[in-house]
Amino acid sequence: MATSEEFKVAGKDMVDYICNYLDNIEERPPLSQVRPGYLKDLIPSEAPEKPESWEDVKKDIERVIMPGMTHWQSPHFHAYFPTGHSFPSLLGDMLSGGISCVAFSWIASPACTELETIVMNWLGKMIGLPETFLAGEDSLGGGVILGSASESILMPLLAAKMKMIRKQQELNPDLDQYDILPKLVAYSTDQSHSCVSKAAMISSVRMRVLPTDERNALRGDTLIEAMRNDRKKGLIPTFVCATLGTTDCLAFDSISEIGPVCKDANVWLHIDAAYAGCAFICPEFRYLLNGIEYASSFNASPQKILRVNFDLAAMWVRDKRDITGAFNIDQPIIQQDHQGLVENYRHWQIPLGRRFRSLKLWFVLRMFGVKKLQEHIRYQVKLAEEFEALVLADPRFTIEAEVILGLVCFGLKGPNEQTKELIDKIIKSGKIYMNGTYVKGKFLLRFVVCPATTDSSHILYAWQVIQDCADGISTAINGN
């Protein structure tokens, strides 16, 4: 494929294929049915020596790729969390790929840098972040687009580490950073995402995992006690990762209590709101943000419930100097005339190069508008409440956590083994896909409203599948 005319033909083919795929996705099982290693028998072990035609490649999409796909956009997919999807977002990705810039500096593509600054301010205002998190002439704050929530937690932890090391060196210039590093301690909870622990491993910072209360939330007193005990051991509290909307059961840490503790201790507070964060564009959910004014950084993922395709994660900081000061390394080849006058987002991330991700966010925000995005989120919450009502109406089941957004945690009354048997039967049925998890020793099922195409009929269908799978198990519960 060497000419634009050939690309036009193939491009139209691909658009048609994608539309047909999405229009008929309910006909496919939501979970892939293949076994590990299936692909090696379907494609050659060596790359082709001569070019193959688009027609030959297109044929292999169904033959080779689709059998191995789990269909995240199926309305029968209810696992993990949603992955955003919309046609405006696809258009943005298409244009980004067509331009194919590597925007490691402002001059490498000024529009890429400046659009990112603007749309991150748009989104920050929609969520209700304090002005101090927004970019502006009189502000030290700002937002950046990264690839995942994992990066959005790693970067603040690395920045907090370097900030504390430098502070300790100011107090004692004879100390080497490697003398200080073993004393630094960060704090997460028994409900934090695994990427928080991974960030601690990468940064070589000791991570203290704190217990949560009966609502699976971290409380201020727990953090105070942990910091006090660590100081007695000669350790230095450095970083706290609080979560608004935990992965397992959508718990919300009490940042209105945690925040003042971090402020008094001069400790970096990061708030991970990967799933729930974009729901705060709806004012009725913004009470969950109480205490945000104490945070040093905050992340949310438009790639989950804001109709933006993966990958696009958003992170904001109160003082960008903490980030850029930790990672600013300039080689002469990438320096520019406007050095110091413009934003260079390479200093906000691990990689040097950056894709033009802000295009798809810009397209989505413009072509949906705030009101349509709010309607989408509210509808997903309504569907979750419909499912919750169905669960509550069946005496065999129990709700295991408060339903706030699009996640319902539930299970069979009785021992863990019965709920585990139920999820096995549900998955083997191939009709819907959902998953389970442990929360403080209790095994529970997670039902998530995922694609934007999900409606009440899919909720009823999923519940019927779950009831059918539970029938035999409920007999065992009743002892019949």
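Below you will find a few notes about this structure. As the structure is a computational prediction, the values presented were derived from the model and not from experiment.

For the rest of this paragraph, the subject is unusual backbone geometry. In this chain, F310 is followed by D311 through a cis amide linkage whose omega measures 10°. Among the secondary structure elements, D311 is positioned in the loop between helix 10 (302-305) and strand 7 (313-317). One non-glycine residue, S100, lies in positive phi territory at about 55°. Assignment of secondary structure puts S100 in the loop between helix 3 (87-99) and helix 4 (110-127). Judged by its relative accessible area of 55%, S100 falls in the exposed class.

Another aspect to go through is helix 3. If you check helix 3, its first and last C-alpha atoms are 18 Å apart, about what 13 residues at 1.5 Å a residue would give, namely 18 Å. For helix 3, the full list of buried residues reads P88, S89, G92 and S96. Down the axis, helix 3 shows its buried residues gathered within 100° of arc, on one side only. Every exposed residue of helix 3 that faces more than 90 degrees away from the buried side is listed here: M94, G97 and G98. The elements touched by buried residues of helix 3 are helix 12 (358-392). Downstream of helix 3 by a residue or two, S100 has a phi angle that is positive, lying close to 55°.

To continue, consider a nonpolar patch on the surface. Side chains of V15, L91, M94 and M367 sit close together on the surface and give an oily, nonpolar patch of about 380 Å² of accessible area. Inspection of the secondary structure puts M367 in helix 12. Overall, the relative accessible area of 53% leaves M367 in the exposed class.

Counted according to the given criterion, the structure contains 23 salt bridges. Among the ionic pairs, D16 bridges to K12, the shortest N-O distance being 3.1 Å. Here D16 pairs with K12, and both are found in helix 1 (residues 4-23), just four residues apart, close to one helical turn. Residue R28 pairs with E62 through a salt bridge whose shortest N-O separation is 2.6 Å. With R28 in the loop between helix 1 and helix 2 (54-65) and E62 in helix 2, this residue pair connects regions lying 34 residues apart in the sequence. One salt-bridge network, in which partners are shared between bridges, spans D13, E55 and K58.

The next point concerns the pairing of strand 1 (residues 142-146). Burial within strand 1 is extensive, with five of its five residues counted as buried. Side-chain alternation along strand 1 places G142, V144 and L146 on one buried face and G143 and I145 on a second face that is also buried.

In an α-helix there are 3.6 residues to a turn, and that puts residues three or four apart on one side. When we look at burial in helix 11 (residues 320-327), the residues that qualify are D322, I323, T324, A326 and F327. Packed against the buried residues of helix 11 are helix 5 (149-171), strand 5 (268-273) and strand 7.

Now for the environment of G259. Looking at the secondary structure, you find G259 in helix 9 (residues 255-265). Residue G259 is classed as buried on the basis of its relative accessible area of 0%. Along the primary structure G259 and L405 are separated by 146 residues, whereas in three dimensions their C-alpha atoms are 24 Å apart. The residues touching G259, leaving out its near neighbours within four places in the chain, are L269 and Y294.

Before going further, it helps to examine the side chain of D230. Turning to its location among the elements, D230 is positioned in helix 8 (residues 220-232). According to the relative accessible area criterion, D230 is buried, its value standing at 1%. Polar contacts involving the side chain of D230 include one to the side chain of Y187, which spans 2.7 Å. Once residues within four sequence positions are removed from consideration, D230 is found in contact with V185, Y187, R208 and L235.

Moving on, we get to the sheet that holds strand 9 (residues 407-412). Each strand in a sheet pairs with its neighbour through backbone hydrogen bonds, running either in the same direction (parallel) or in the opposite one (antiparallel). The four strands lie next to each other as 8-9-11-10, forming an open sheet whose pairing is antiparallel. The open sheet is flanked by strand 8 (397-399) and strand 10 (435-439), the only strands paired with a single partner. Geometrically, the sheet is characterised by an average inter-axis angle of 40° between neighbouring strands, direction not taken into account. Relative to the sheet, helix 12 contacts strand 8, strand 9 and strand 11 (442-448), its axis offset from that of strand 9 by approximately 15°.

What follows is about the side chain of N121. Its place among the elements puts N121 in helix 4. With near-sequence residues (within four places) excluded, N121 lies in contact with L134 and A135.

Okay, the sheet that holds strand 6 (residues 297-300) next. Spatially, 1-7-6-5-4-2-3 is the arrangement adopted by the seven strands of the open sheet, whose pairing is mixed. In this open sheet, the two edge strands, each paired with only one partner strand, are strand 1 and strand 3 (206-210). Each neighbouring strand pair of the sheet contributes to a mean axis angle of 20°, computed without reference to strand direction. Bridge analysis of strand 4 (residues 236-243) against strand 5 gives five bridges, and the strand direction is parallel.

A separate point is the packing of helix 1 against helix 2. One can describe the packing of helix 1 onto helix 2 by two numbers: an axis separation of 11 Å at closest approach and a directional angle of 15°. In terms of orientation, helix 1 and helix 2 fall into the roughly parallel class. Here the hand of the crossing between helix 1 and helix 2 comes out right-handed. Contacts from A10, D13, M14 and Y17 of helix 1 reach helix 2 at W54, E55, K58, I61 and E62. Within the contact of helix 1 with helix 2, the residues separate by chemical class into five nonpolar, no polar and four charged.

Let us look at the packing of helix 3 against helix 12. Two packed helices can be described by the angle between their axes and the distance between those axes. Close contact between helix 3 and helix 12 brings their axes to 8 Å; oriented N to C, the two are set at 150°. Note on packing geometry: the crossing formed by helix 3 with helix 12 is right-handed. Only L359, K360, F363, V364, M367 and F368 of helix 12 make contact with helix 3, whose side of the interface consists of P88, S89, L91, G92, D93, L95, S96 and I99. Across the contact of helix 3 with helix 12, the residue classes break down as nine nonpolar, three polar and two charged.

Basis of the calculations
- Residues numbered from 1 in each chain as written.
- Predicted model: local features only at pLDDT ≥ 70, side-chain atom pairs only at ≥ 80, totals over all residues.
- Heavy atoms only, no water.
- Helix = DSSP H or I, 4+ residues; strand = E, 2+ residues; numbered from the N terminus.
- Buried < 20%, exposed > 50% of the residue type's maximum accessible area, 1.4 Å probe, protein only.
- Expected span 1.5 Å × (residues − 1).
- Arc of directions from axis to C-beta.
- Contact = heavy atoms within 4.5 Å.
- Patch = residues over 30% accessible without salt bridge, like charges linked within 9 Å, V, L, I, M, F, W, Y side chains within 5 Å.
- Areas by Shrake-Rupley, 256 points an atom, 1.4 Å probe, with all protein chains shown as cover.
- Salt bridge = Lys/Arg side-chain N within 4 Å of Asp/Glu carboxyl O.
- Polar contact = N/O pair within 3.5 Å; in protein donor to acceptor, adjacent residues only side chain to side chain.
- Pairing = 2+ DSSP bridges.
- Axes fitted to C-alpha atoms, helices over the stretch in contact; angles between N-to-C directions.
- Parallel < 35°, antiparallel > 145°, perpendicular 65-115°, else oblique.
- Left-handed = near helix turned anticlockwise from the far one by under 90°.
- Nonpolar A, V, L, I, M, F, W, Y, C, P; charged D, E, K, R; others polar.

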